[in-house]
Amino acid sequence: MDTTTVAITIGSVISTKAFALWRLWLRLRWRSRREQDRQDYLLGIAEKVAAGSRVELDDQDRDGHRLRVSIFHVEAHKEDTAG
């Protein structure tokens, strides 16, 4: 093997590893943003729910993770003060 072939082989290996690392970084970045959007959505729901309500969540991602959401308004019990 001459030096040109060795240099091309080394360059090819380095490029392949760099591309794989770049793809991994993009995937992790996308997943992080998706999780942040999901968290923001859930926080928005929680802020809109009035005090005394019950919240249940129901959501399932393509990867099989499931999260359930149900909001139930619980009527406050009023005490009879007439006496």
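Refer to the structure presented above.
For the structure given in this document, a descriptive report is provided here.

What counts, and at which threshold
- The numbering scheme is per chain: residues are counted from 1 as the chain's sequence reads.
- Reporting in this predicted model follows two pLDDT cut-offs: at least 70 for local features of residues, and 80 or more for side-chain atom pairs to be given and counted; totals over whole chains, interfaces and linings ignore these cut-offs and use all residues.
- Hydrogens and water are ignored here; the side-chain numbers use all heavy atoms of the structure.
- By definition, any uninterrupted DSSP run of H or I lasting at least four residues is a helix, any uninterrupted run of E lasting at least two residues is a strand, and each is numbered from the N terminus.
- In what follows, residue pairs with any heavy atoms lying within 4.5 Å of each other are defined as contacts.
- Under the convention used here, a 1.4 Å probe and the Shrake-Rupley method define accessible areas, while residue burial counts only the protein chains that appear.
- A patch consists of residues exposed above 30% relative accessible area that lack any salt bridge, with like charges linked at up to 9 Å and nonpolar side chains (Val, Leu, Ile, Met, Phe, Trp, Tyr) linked at up to 5 Å.
- Salt bridge, as used here, is a side-chain nitrogen of Lys or Arg placed within 4 Å of a carboxyl oxygen of Asp or Glu.
- Each residue's exposure class comes from its accessible area (1.4 Å probe, protein chains only) as a fraction of the maximum for that residue type: buried when under 20%, exposed when over 50%, partly exposed otherwise.
- One requirement defines pairing of two strands: DSSP has to find at least two bridges between them.
- To estimate the expected span of a helix, count its residues, drop one, and scale the result by 1.5 Å.

## Section: the overall build of the protein
Move 1: Scanning the protein from terminus to terminus reveals 1 helix and 2 strands.
Move 2: Ordered by position from N to C terminus, the α and β elements of the protein give α-β-β.
Move 3: Pairs at least 24 apart in sequence give 24% of the contacts found in the protein among residues at least 6 apart.
Move 4: For the protein, the accessible surface area stands at approximately 7,800 Å², while carbon and sulfur atoms represent 57% of it.

## Here we look at a nonpolar patch on the surface
Move 1: Together, Met1, Val6, Ile10 and Ile14 line one region of the surface with nonpolar side chains, adding up to about 450 Å² of accessible area.
Move 2: Position of Ile14 among the secondary structure elements: in helix α1 (residues 3-48).
Move 3: For Ile14, a relative accessible area of 54% translates into the label exposed.

## A look at the pairing of strand β1 (residues 53-60)
Move 1: Bridge count for β1 against strand β2 (residues 66-73) is 8 bridges, and the pairing is antiparallel. When the sheet's bridge partners are listed, Asp59 is paired in β2 with Leu67.
Move 2: In this antiparallel pair of consecutive strands, β1 and β2, the connection spans 5 residues, and Gly64 shows a positive phi of 100°.

## Digging into α1
Move 1: Under the 1.5 Å per step criterion, the end-to-end length of α1 is 67 Å for 46 residues, consistent within 8% with the ideal 68 Å.
Move 2: Tucked inside the fold, the buried residues of α1 contact β1 and β2.

## Considerations on the environment of Ala46
Move 1: Tracing the backbone shows Ala46 in helix α1.
Move 2: You can call Ala46 partly exposed: its relative accessible area is 48%.
Move 3: For the pair Ala46 and Ile71, spaced 25 residues apart in sequence, the C-alpha to C-alpha distance is 9.6 Å.

## Overview of the environment of Leu42
Move 1: With respect to the helices, strands and loops of the structure, Leu42 is situated in helix α1.
Move 2: According to the relative accessible area criterion, Leu42 is partly exposed, its value standing at 26%.
Move 3: In sequence terms Leu42 and Leu57 are 15 residues apart; their C-alpha atoms lie 8.9 Å from each other.
Move 4: In this structure Leu42 touches Leu57, Leu67 and Val69, once residues within four positions along its chain are discounted.

Function cannot be read off these values alone, since they describe shape.
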